[in-house]
Amino acid sequence: MEWQTGLIELDKGIYAYIQPRGTWFIANAGLIVGRDFSIVIDSLTNEKMAMDFLSSIRKVTDKPIRFLINTHYHGDHTWTNHLFNAVTMAHVNTRRLIEEEMRINVMGLYEKLFPEIDFSGAKYTPQGLVFSESLILHAGDKTIEIKYIGYPAHTVGDVYVHIPDSRVVFTGDLLFAEPCTPFVLFGSVSGSIEALDRLASLNADIYVPGHGPVSYGRKALYRARDYLVYIRDEAWRYFKEGLSFNEAALRIDLMEFANWYDKERIVGNVARAYSEFSGEKPGTPLQNLNEVIIKMNEYRIAHIK
Ligand SMILES: [Zn+2]
């Protein structure tokens, strides 16, 4: 499947930056050009990606980039913050999680797990400005609302960026657009479903997902929701039968979702569903996280065509 990539103007001064093919560590970003300055939504994994994004930006504006909003803590949305020379901002939990990752060097772990990914120039940069509920930025005639989703969903610190006048929403990884598989291991299955409902209720026509193609209309929200509901219900069946999370993930027939990218995420998604079924609060750090990651990698290797 192919879709439009690069810098895409959605409304005057509002751009999505879409990277093909939206798989592990290949995320989307955004640009808002105001009267006096620009705002970037999310940095990217490595220096090459960030430089390509910056050179695309320079083709449409010479306004200084004053603010950089991080939608959540994951490296594919934050690891090149330092290359944008802007005030970085995020939810308070996002900054806390970045500091935790720095302490235990999660980047080093990812370098081992994903030898095919280029991590050069990647660096942790905790945000300079944090908030717990919402922030409103005014850039010339544009009003930009940055809102915490309010509960664990993709992570425990997700924000979305809404420009009501343009009817555009940057969702971060609250939305993975088909054919990119949703991933909720670090958040919550139920919270992610609720978040998709919330996004669908906004006054908007265009949704820029964290991975995958721009969604004109709500179809991508409904497709991601269908996937999560299906996985949750199938996992519940096997949970009641006493199967382990990994046995359940192997048993679930992905049906119409079988051709989506990074389908091994089912292992992490089922593990998160199991945590919720066993009564743990959404977003609770998983005790068996290492095992989940190993099993997910086994699933990936077993399904390489
Ligand atoms: Zn993410």
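About the cut-offs
- Residues numbered from 1 in each chain as written.
- Predicted model: local features only at pLDDT ≥ 70, side-chain atom pairs only at ≥ 80, totals over all residues.
- Helix = DSSP H or I, 4+ residues; strand = E, 2+ residues; numbered from the N terminus.
- Expected span 1.5 Å × (residues − 1).
- Buried ≥ 20, exposed ≤ 12 C-beta atoms within 10 Å, placed from the backbone.
- Contact = placed C-beta atoms within 7 Å.
- Core = buried A, V, L, I, M, F, W, Y, C linked by C-beta atoms within 7 Å.
- Pairing = 2+ DSSP bridges.
- Axes fitted to C-alpha atoms, helices over the stretch in contact; angles between N-to-C directions.
- Arc of directions from axis to C-beta.

1. Notes on helix α8 (residues 265-277)
For α8, built from 13 residues, the straight-helix expectation of 18 Å at 1.5 Å per residue is met to within 8% by its first-to-last C-alpha distance of 18 Å. Most of α8 is tucked away: 12 of the 13 residues are buried. Listed as buried for α8 are Arg 265, Ile 266, Val 267, Gly 268, Asn 269, Val 270, Ala 271, Arg 272, Ala 273, Tyr 274, Ser 275 and Glu 276. At its buried positions, α8 is contacted by α5 (189-201), α6 (219-241), α7 (245-251) and α9 (289-302). Immediately beyond the C-terminal end of α8, within one or two residues, lies Gly 279, with a positive phi of roughly 95°.

2. Considering the nonpolar core
Formed by 76 residues in total, the largest nonpolar core has its most connected members in Leu 175, Leu 199 and Val 270. For this core, the element with the highest residue contribution is α6, accounting for 8 residues. For Leu 199, the residues in contact, after removing those within four places along its chain, are Tyr 160, Val 169, Thr 171, Leu 174, Leu 175, Tyr 207 and Leu 221.

3. Examining the sheet that holds strand β8 (residues 134-139)
Strands belonging to one sheet form pairs held by backbone hydrogen bonds; the direction of such a pair is parallel or antiparallel. Strand order in the open sheet formed by 6 strands is β8-β9-β10-β11-β12-β13, and the pairing between neighbours is mixed. Across the chains shown, the open sheet's two edge strands, defined by having one partner strand only, are β8 and β13 (215-216). Strands in contact with α5 are β10 (159-163), β11 (168-176) and β12 (206-211); relative to β11, the strand with the most contacts, it is inclined by about 165°.

4. Focus on α5
A turn of α-helix holds 3.6 residues, and therefore any two residues three or four places apart point the same way. Its 13 residues place the ends of α5 19 Å apart at the C-alpha level, agreeing with the 18 Å of an ideal helix rising 1.5 Å per residue. Those residues of α5 that sit buried are Val 189, Gly 191, Ser 192, Ala 195, Leu 196 and Leu 199. Around the axis of α5, the buried residues are gathered within 155° of arc, so they sit on the same side. Relative to its buried face, α5 has exposed residues pointing more than 90 degrees away, namely Asp 197 and Ser 201. Tucked into the core, α5 has its buried residues touching β10, β11, β12, α6 and α8.

5. A look at the sheet that holds strand β7 (residues 129-131)
An order of β1-β2-β3-β4-β5-β6-β7 is seen for the 7 strands of this open sheet, with the pairing classed as mixed. A strand with exactly one partner marks an edge of an open sheet, and here the two such strands are β1 (6-11) and β7. On average, each strand axis in the sheet is inclined to that of its neighbour by 20°, with strand direction left out of account. The sheet contact formed by strand β2 (residues 14-18) and strand β3 (residues 29-33) spans 4 bridges and is antiparallel. Following the sheet pairing, Tyr 17 is matched in β3 by Ala 29.

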